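Structure assessment
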Amino acid sequence: MSRAYDVIVVGGGHAGCEAALAAARMGCETLLFNITLDSIAVMPCNPAIGGLAKSQIVKEIDALGGEMARIADQTALHCRILNASKGPAVQATRFQCDKQLYRLAMKSVLEKVAHLHLRQGLVEKLVVEGGRVTGVVDQPGVFYAAKAVVLTTGTFLGGLVHIGEVRYQAGRAGEPGAWELSSCLKNLGFEMGRMKTGTPPRLRASTIDFSRLVRQDSDPNPEPFSFRSRGLRQERLPSFFTATTEETYRLIHDNILLSPLYSGAITGVSARYCPSLEDKVMHFEGKRSHPVVLEHEGLDTEEIYAKGLGNSLPPEFQEYIVHSVPGLEDAEIMRLAYAIEYDFVQPTQLKLTLETKKVSGLYLAGQINGTSGYEEAAGQGFWAGVNAALAVQNRDPFILDRSEAYLAVMVDELVTRGVDEPFRMFPSRAEYRLLLREDNATIRLGAKGHELGLITDDEYDLIRDRANRISGGIKRLSSVRVFPVEETNAILAGLNTAPIKNPVSLFDLLKRDGISYDDLSRFPGWEEIPDGFVKREIEIEAKYDGYIQRQQQSVKKMKELKGIKIPQDLDYSSIPGLSNELKAKLARVTPTDIAQAERISGMTEAAITAILIAIKKRELETAA
């Protein structure tokens, strides 16, 4: 039964799907393993795509030729723009999706892609020869040869589910864990840790009193995630808001030792930014009420996702907690909340391609790297799958820098800084976030996707046409000048903006608050733009022109530092002036350039100077 493949992907979650699709679409014979084919692309937590920083990742994957955005568009049930009243750098699209439709739609895509093979099975062992992975062995003992392997194991490595005092091995509720594969990684010498996540109860919709809750409908006329989608499905379902009570607080506070989080049963590190209800009660004792959001999991199911009620308490206490919340007094639990611990690999052991430094040809993506979130996983999966395919094809690796994509920020943060808690992307992590908006992802990255062969010629022509119309519109507005005459200032007064005293361009006028592109139609030289996307991009470029120019200057300085390469065999232990802590970190991370070295936690200007001196000294010795 043994067969050789170019790329084997282990795990069919969001990371695995993007990795397998990218490798197969680039022409590699690719095999995707999943424990059960019925759980490919399943959403074990909230079936939502997007959100702050996450929407940028989704749109970047789409711009490069990935799939997540298109499946979200096909299955969206509730659509919102977050931070709509704020600037474009922090605005984010979020779609609540139909859980089952999403899974089935992604599986259908996987099954129809050329060069991609699906296999149900549990991989238990990596075969490594001479420091290079040569394949995998599944549970029945069958060997599958591969030139590259991508591990996207989610929460399955050493997975342990907790509900009160009950513990059992599982990758998630209802599916077995991958304990042998975890042992294999440890035996190969990888530094590993333990993390914890969880999921709230699912409630039966017909037992909830929605009349007592605050309703939130979708935004009107939402736009698709993907630039390739022609539209969204028409069905919409609302979300509802309620909150925990003093009784909820008392139930948890007085019985906290029944939670494995506080009894000592759980040793894995929890996420600070997404705390369980137990953590909210114990860490914020002055706050006796916490928000609860109820969201539909699909069109044809009664299951309601109770965001904010995540816990790992015994079943009877979960009932008490749910019933203490207004509107949920008679709510029926269909699926219990639980916590899950799992193993991860410290990502500082990875190269910027997400290939491991220890084993050539082995790539890691998703929660195995200490991250959380479907979007973060999908982004890493795409990145790893592309690089695995490129390596097999003896092509240059795919690496973006922090000024080009949120994806690059995420990967750089992981491999340079490592993780000590479940990692999640935030806009604050991206120092060039005004350049990396969700609205301009296709313009930024479409050419890269086309170079990879994942964006078709027709799709790329559309992207280039829009980019040319944006730059042409800006150039035209900048060339048309208006003068401080009575007629001009009368128009400006009608727009509730100050008069001008000197000649200015239409582009300068567009920079003013409260003036839209169409407001300029009253001036000679203005041209109508029917494409709303092009018009919006021109407005954004005008409103934030000064800030954008400053960030572009910062990018220029960063790229100068990236030009100073660090020899990968540089002996940091012999460099005077470096602390032992920094020597250890530098040896572990092995930064490729000075820009990456600067981002290592604890780095100082004196240490950077010492490294630069060591590089220069080495160059002189080599020249001599």
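Residues numbered from 1 in each chain as written. Predicted model: local features only at pLDDT ≥ 70, side-chain atom pairs only at ≥ 80, totals over all residues. Heavy atoms only, no water.

We now examine the overall build of the protein chain. Scanning the protein chain from N- to C-terminus turns up 20 helices and 22 strands. Taking 624 residues into account, the globule formula puts the C-alpha radius of gyration at 25 Å, and the protein chain, at 26 Å, falls close to it. The buried share among the 624 residues of the protein chain stands at 56%. Put simply, of all contacts in the protein chain between residues at least 6 apart along the chain, 73% involve residues at least 24 apart. Of the roughly 26,200 Å² that the protein chain leaves accessible, carbon and sulfur atoms contribute 50%. Placing the 74 positive and 81 negative side-chain charges of the protein chain at their respective mean positions leaves the two points 4 Å apart. (Helix = DSSP H or I, 4+ residues; strand = E, 2+ residues; numbered from the N terminus. Rg over C-alpha atoms; globule rule 2.2 N^0.38 Å. Buried < 20%, exposed > 50% of the residue type's maximum accessible area, 1.4 Å probe, protein only. Contact = heavy atoms within 4.5 Å. Areas by Shrake-Rupley, 256 points an atom, 1.4 Å probe, with all protein chains shown as cover. Lys, Arg positive; Asp, Glu negative; His and termini not counted. Charge placed at Lys NZ, Arg CZ, Asp CG, Glu CD.)

Our next topic: the nonpolar core. If you look at the biggest cluster of nonpolar residues, it comprises 114 residues, and the most contacted ones within it are Ile8, Ile49, Val149 and Leu151. Here this core gets 11 residues from one element, more than from any other, and that element is helix α10 (residues 374-392). Excluding its chain neighbours within four sequence positions, the residues that come into contact with Leu151 are Val10, Leu126, Leu181, Leu185, Leu362, Tyr363, Leu364, Ala365 and Ile368. In this structure, Ile252, Val281, Val322 and Ile333 belong to the second largest nonpolar core, which totals 24 residues. (Core = buried A, V, L, I, M, F, W, Y, C linked by side-chain atoms within 4.5 Å.)

This part is about the side chain of Gln318. For Gln318, the position within the fold is in helix α9 (residues 315-323). Owing to a relative accessible area of 1%, Gln318 belongs among the buried residues under this scheme. Residue contacts for Gln318: discarding those within four places in its chain leaves Ile163, Pro201, Asn311, Leu313, Ile333, Leu336 and Ala337.

What follows covers the sheet that holds strand β18 (residues 333-335). What holds strands together in a sheet is hydrogen bonding between their backbones, with the strands either parallel or antiparallel. Across the sheet, which stays open at both edges, the 6 strands sit in the order β14-β15-β16-β17-β13-β18 with antiparallel pairing between neighbours. The sheet is open, and its two borders are formed by β14 (214-216) and β18, each paired with just one other strand. The average angle at which neighbouring strand axes cross in this sheet is 35°, direction not considered. The pairing of strand β15 (residues 239-243) with strand β16 (residues 291-296) spans 4 bridges and is antiparallel. Within β16, the position partnered with Ala243 by the bridge is Pro291. (Pairing = 2+ DSSP bridges. Axes fitted to C-alpha atoms, helices over the stretch in contact; angles between N-to-C directions.)

The residue Glu438 is located in the loop between α11 (406-417) and α12 (441-452) in this model. Judged by its relative accessible area of 11%, Glu438 is buried. A distance of 2.6 Å separates polar atoms of two side chains, one belonging to Glu438 and the other to Ser55. Only 2.8 Å separates the side chain of Glu438 from the side chain of Thr93, close enough to count as a polar contact. Beyond its immediate chain neighbours, meaning those up to four positions away, Glu438 contacts Ser55, Gln56, Lys59, Gln91, Ala92 and Thr93. (Polar contact = N/O pair within 3.5 Å; in protein donor to acceptor, adjacent residues only side chain to side chain.)

What follows concerns the packing of aromatic side chains. The geometry of two aromatic rings is summed up by the distance between their centres and the angle between their planes. Applying the stated criterion to the full structure yields 8 aromatic pairs. Taking 5.8 Å as the distance between ring centres and 45° as the angle between the ring planes, the aromatic pair formed by Tyr517 and Trp526 counts as tilted. Given the relative accessible area of 0%, Tyr517 is considered buried. Its guanidinium or amino end placed over the ring of Tyr249, Arg288 lies 3.9 Å from that ring's centre, counting from NZ or CZ. (Phe/Tyr/Trp six-rings, centres within 6.5 Å; stacked < 30°, edge-to-face > 60°. Lys NZ or Arg CZ within 6 Å of the ring centre and 35° of its normal.)

Interhelical geometry of helix α13 (residues 457-479) versus helix α16 (residues 532-543) gives an angle of 50° and a closest axis separation of 9 Å. With respect to α16, the element α13 is oriented oblique. Seen along the crossing, α13 lies across α16 with a hand that is right-handed. Note on element contacts: α16 touches α13 through Phe533, Val534, Glu537, Ile538 and Glu541, opposite Arg466, Arg469, Ile470, Gly473, Ile474 and Leu477. Here the residues of the contact of α13 with α16 are counted per class, giving 6 nonpolar, 1 polar and 4 charged. (Parallel < 35°, antiparallel > 145°, perpendicular 65-115°, else oblique. Left-handed = near helix turned anticlockwise from the far one by under 90°. Nonpolar A, V, L, I, M, F, W, Y, C, P; charged D, E, K, R; others polar.)

Every regular strand shows the same layout, with side chains that alternate between the two sheet faces. One ladder, built from 4 bridges, connects strand β10 (residues 160-163) with strand β11 (residues 166-169); its direction is antiparallel. Opposite Val161, over in β11, you have Tyr168 as the bridge partner.

A separate point is the pairing of strand β5 (residues 92-97). Counting buried positions over the 6 residues of β5 gives 6, a clear majority of the element. Across 6 bridges, strand β4 (residues 76-82) lies against β5 in antiparallel orientation. Each bridged residue has a counterpart across the sheet, and for Ile81 the counterpart in β5 is Thr93.

Moving on, we get to the sheet that holds β5. The 3 strands lie next to each other as β3-β5-β4, forming an open sheet whose pairing is antiparallel. Looking at which strands have only one partner, the edges of the open sheet turn out to be β3 (48-50) and β4. Sheet twist, expressed as the average angle between the axes of neighbouring strands with direction ignored, equals 20°. Taken together, the 3 bridges between β3 and β5 define a ladder with antiparallel strand orientation. In the sheet register, Ala48 faces β5, and the bridge partner there is Gln96.

Our focus in this paragraph is the pattern of salt bridges. Overall, the coordinates contain 50 salt bridges when judged by the stated rule. Between Arg437 and Glu537 there is a salt bridge, with its nearest N and O atoms 3.2 Å apart. Taken together, the residues span a long stretch of sequence, with Arg437 in the loop between α11 and α12 and Glu537 in helix α16 at a distance of 100 residues. The exposure class of Arg437 is buried, given its relative accessible area of 1%. On the basis of relative accessible area, Glu537 is assigned to the buried category, the value being 2%. (Salt bridge = Lys/Arg side-chain N within 4 Å of Asp/Glu carboxyl O.)

Bringing unusual backbone geometry into the picture now. A positive phi angle, near 60°, is found at Ala41, a position not held by glycine. Looking at where Ala41 falls in the secondary structure, it is placed in the loop between β2 (30-34) and β3. Overall, the relative accessible area of 0% leaves Ala41 in the buried class. Phi angles above zero are rare outside glycine, and Asn221 is one such case at about 55°. Its place among the elements puts Asn221 in the loop between β14 and β15. Look at Asn221 and you get exposed, because its relative accessible area is 73%.

This part takes up α13. An ideal rise of 1.5 Å per residue puts 33 Å on 23 residues; α13 measures up with 32 Å between its terminal C-alpha atoms. Every buried residue of α13 is accounted for by Glu459, Tyr460, Ile463, Ile470, Gly473 and Leu477. Looking at the buried side of α13, the elements it contacts are α12, β22 (504-505), α15 (506-510) and α16. (Expected span 1.5 Å × (residues − 1).)

Another aspect to go through is the environment of Lys307. Its place among the elements puts Lys307 in strand β17 (residues 303-307). Residue class for Lys307 comes out partly exposed when judged on its relative accessible area of 39%. As for Lys307 and Leu294, which are separated by 13 residues in sequence, their C-alpha atoms are 6.2 Å apart. Setting aside anything within four residues of it in sequence, one finds Lys307 in contact with Asn46, Arg94, Pro200, Pro291, Val292, Val293 and Glu295.

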